[in-house]
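Residue-level listing of the chains:
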Amino acid sequence: MAAEWRQGRVSMAPPLSGLIVREVSIEISRQQVEELFGPEDYWCQCVAWSSAGTTKSRKAYVRIAYLRKTFEQEPLGKEVSLEQEVLLQCRPPEGIPVAEVEWLKNEEVIDPVEDRNFYITIDHNLIIKQARLSDTANYTCVAKNIVAKRKSTTATVIVYVDGKWTSWSKWSTCGTECTHWRRRECTAPAPKNGGKDCEGLVLQSKNCTDGLCMQGFIYPISTEQRIQNEYGFSSAPDSDDVALYVGIVIAVIVCLAISVVVALFVYRKNHRDFESDIIDSSALNGGFQPVNIKAARQDLLAVPPDLTSAAAMYRGPMYALHDVSDKIPMTNSPILDPLPNLKIKVYNTSGAVTPQDDLSDFSSKLSPQITQSLLENETLSMKNQSLAWQTDPSCTAFGTFNSLGGHLVIPSSGVSLLIPAGAVPQGRVYEMYLTVHRKENMRPPVEDSQTLLTPVVSCGPPGALLTRPVILTMHHCAEPNTEDWQIQLKHQAAQGPWEDVVVVGEENFTTPCYIQLDPEACHILTETLSTYALVGQSITKAAAKRLKLAIFGPLSCSSLEYSIRVYCLDDTQDALKEVLQLEQQMGGQLLEEPKALHFKGSTHNLRLSIHDIAHSLWKSKLLAKYQEIPFYHIWSGCQRNLHCTFTLERFSLNTRELVCKLCVRQVEGEGQIFQLNCSVSEVNDICVLFYPTSGTWMDKKEPTGIDYPAMDSAGTVTTLVGPSAFSIPHPIRQKLCSSLDAPQTRGHDWRMLAHKLKLDRYLNYFATKSSPTGVILDLWEAQNFPDGNLSMLAAVLEEMGRHETVVSLAAEGNY
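Keep in mind that this is a model prediction, so the values were computed, not measured.

Chemist: Before we go on, may I ask you to explain the overall build of the protein in this structure?
Modeler: In terms of regular secondary structure, the protein is built from 14 helices and 43 strands. The buried share of the protein, reckoned over its 815 residues, is 42%. When the accessible surface of the protein is split by element, carbon and sulfur atoms take 54% of a total near 44200 Å².

Chemist: It is not clear to me how the pattern of salt bridges should be interpreted in this structure. Could you clarify?
Modeler: Counted according to the given criterion, the structure contains 28 salt bridges. We note a salt bridge from R183 to E185, for which the minimum N-O separation is 2.8 Å. Owing to a relative accessible area of 22%, R183 belongs among the partly exposed residues under this scheme. Among the salt bridges present, the one from E527 reaches K769, with a minimum N-O distance of 3.3 Å. Of this pair, E527 sits in the loop between β30 (521–526) and β31 (531–538) while K769 is found in the loop between α11 (763–767) and α12 (772–783), placing the two residues 242 residues apart along the sequence. Here E527 falls in the buried class, since its relative accessible area comes to 11%. Residue class for K769 comes out buried when judged on its relative accessible area of 6%. It is possible to trace a salt-bridge network through shared partners that takes in K105, D115, R132 and D135.

Chemist: I'm lost on the state of the cysteines in this one. Help?
Modeler: Disulfides are covalent bonds that connect the sulfur atoms of two cysteines. The full count for this structure, using the stated rule, is three disulfides. With its sulfur 1.8 Å from that of its partner, C174 forms a disulfide with C208. In this structure, the disulfide formed by C174 and C208 twists by about 60° around the S-S bond and is classed as right-handed. Linking C174 in the loop between β17 (155–160) and β18 (179–183) with C208 in the loop between β19 (203–207) and α2 (226–230), this pair joins segments that are 34 residues apart in sequence. By relative accessible area, C174 is classed as partly exposed at 43%. Between the sulfur atoms of C186 and its disulfide partner C198 the distance amounts to 1.9 Å. Taking the sign of the S-S torsion, 75° for the link of C186 and C198, the bridge is right-handed. Of the two residues, C186 is situated in the loop between β18 and β19 and C198 in the loop between β18 and β19; the sequence distance between them amounts to twelve residues. Its relative accessible area of 12% is what places C186 among the buried residues.

Chemist: Explain the pairing of strand β11 (residues 100–105) to me, please; I cannot follow it from the model alone.
Modeler: Across a regular strand the side chains alternate sides, sitting on one face of the sheet and then on the other. Summarising burial for β11: five of the six residues are buried, a large majority. As paired elements, β11 and strand β15 (residues 137–144) share six bridges and run antiparallel to each other. The residue of β15 that forms the bridge with V101 is A143. Pairing geometry for β11 and strand β12 (residues 108–109), over two bridges, is antiparallel. Bridge pairing in β12 links K105 to E108. Here β11 hands over to β12 after two residues, with N106 in that stretch at a positive phi of 55°.

Chemist: Is there a simple way to think about the packing of aromatic side chains in this case?
Modeler: Any two aromatic rings considered together are summarised by their centre-to-centre distance and by the angle between their planes. Applying the stated criterion across every chain, the model contains twelve aromatic pairs. Ring plane angle 40° and centroid distance 6.4 Å describe the contact between F599 and W635, whose orientation is recorded as tilted. Residue F599 is located in strand β34 (residues 588–600), and its partner W635 is located in helix α8 (residues 631–635); the two are separated by 36 residues in the primary sequence. In this pair, the class of F599 matches that of W635, namely buried. Clustering of aromatic rings is evident, with ring pairs tying together W485, F599, F631, Y632 and W635. The ring of F674 has K595 lying over it, and the distance from NZ or CZ to the ring centre is 4.9 Å. Sitting over the ring of Y626, R607 keeps its end group 4.1 Å from the ring centre.

What counts and how
- Residues numbered from 1 in each chain as written.
- Predicted model: local features only at pLDDT ≥ 70, side-chain atom pairs only at ≥ 80, totals over all residues.
- Heavy atoms only, no water.
- Helix = DSSP H or I, 4+ residues; strand = E, 2+ residues; numbered from the N terminus.
- Buried < 20%, exposed > 50% of the residue type's maximum accessible area, 1.4 Å probe, protein only.
- Areas by Shrake-Rupley, 256 points an atom, 1.4 Å probe, with all protein chains shown as cover.
- Salt bridge = Lys/Arg side-chain N within 4 Å of Asp/Glu carboxyl O.
- Disulfide = S-S within 2.5 Å.
- Pairing = 2+ DSSP bridges.
- Phe/Tyr/Trp six-rings, centres within 6.5 Å; stacked < 30°, edge-to-face > 60°.
- Lys NZ or Arg CZ within 6 Å of the ring centre and 35° of its normal.

Laid out in structure tokens, this is it:
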């Protein structure tokens, strides 16, 4: 260590010894220690020598003093009754030296010596032995050492007093109503600081004529009646008044009933002009009431039932439901009662969208309000579809689907839409789209503690009628620990405001969606096509989201300067795909394989620094030792392509090799180190990269080529239609649905299948569907796309004793 020694004063020892004592000292700064030794402990030793020999002092150990910002446990406010013992707990932040703790009451230091009602334990907890009214205050735990002074959050202690009655007063003189009174007050003591009021009678009366006059009674008097009773007015109800009130209520009910009957009679009389049958009601209900649609009413009973798509109500011993409005057959739907004989023309031969011109054919038969509503819905659908076609084709997929279903995939983005067989009504064809929005104005607004966990994804056409749930899959970047997160699904309909749909783990029978949260992806089961995104709110500071760190540099460099760009992205496939496309356009190259980093919601910034540069060949143009990205810039997830740039300058163009380390870490959190070892080439030269993690060299001759597996994982296939889009063959699916939908005595039904596949977080959602097994298998298909591990499914069925199905899978030759 380069240190400056100072010679101190020289003094003589006592005359008898004749020894000279020399004092020396050394000054060492914290910056010197951290540069050479890091933040670890170190020791110093003084060595003295002469012609007589050498001697060493004992080691003096030096530790870097610090005091963390966060208390391990902070005091919590309480409401306590008078003379109750109060315990306020406090565990100070970690520090060296260990922090001293003191307590403040309304910003004044508490001294237990002066006020013996307070006691501070060895564990730094504050005890109020007997709470007094004067102890109602704000209490703060303060930790301090030689480095800093930290204050905890303020805990408010409220000492309340419950009210108690005084003794009864003497009886009053006997009044003209043959009664006398006595009273008491709630003032012994009166309630304070939110204490309970007294329970019981304020006034009490009784007969004072020994039964000669029968008007006396005892009854409770409410607080509102106290003033009135003090002046001698009786608050007891009279029997004649009660009869009058009952008569008025009955008369009102009879009048309301007569009004309803007359209104219904007039309403039905005004709607007798419609004389034809309904063929398709999707134009009226706007896609919000899924039904099983057939060509005509007389054909409804002629088609054999399909267990995977039939519109019926599931009933079981544990999940018997009586109100499943989303599966009522069309002909029995109460929404159609007001218009029982309306005929609507629907074109199903060439596509799914009814021509705009044909709306005028029946608009004259509808009321102006219904006609206007239909025109607005049709115009909105076409507007949304045109907007979807204008999006970036690299993050959009289109496909045409009928009742056979299929899969819509955005390559290399982790986003897909599974349309199960039977989701599109029989005889219909939908032109569907799936897109990832990358514009900032499309993202939902988030608060300070909230963060966007997924891309913003739209699927459509909006308002399309679906008879069973589709499954939207997209990657998320949360570490799914339910104790640390509150994860919420939001959606945006028709360019309107963002609305809350459901909180994961709080689903109920009225919830329109179900969310299956896997470690890296979420699957949203919904019957409404719209724009969706997952937003997380950190409950504790241990909540963490995954970041993907990617380092890029120029593919060719003809100047002395060389720039290294470090991207800090949400760990989703689409975020990395976007940056790879951007760098490809800029002529950049990936310097090392991306790494994941767990970024905690502790409000600490992200620090980036560069080390081990060959100073004889390169110099850094960064003035500071590191760069920092503010916590909220990363946590909100609303700033795309967030990155820092390190600019290095070589002393000579002949320098072709760059070796250094890049450190990215969260302050007081996790970190990652990148070991860079690459050759810097001029234009049209071969750029050679070395990947330390794989131990291989890669040659690149094309300046715009970026070879990274995520860019080619799904190829260019965006649409899979029909049975080939699913891993489970249709006949086997039908067998499973027919055998598992019905409840079994031993539980070997769809509930056990959900349990074995770890899809049993909220079974009531599946119970509301006509075929619970079918929906569970749809979710399994979405989870295992595109591989479809049928051997795992066969093992689950084998455990359930479904040997015949396992044999059928083997016969199909699928595993």
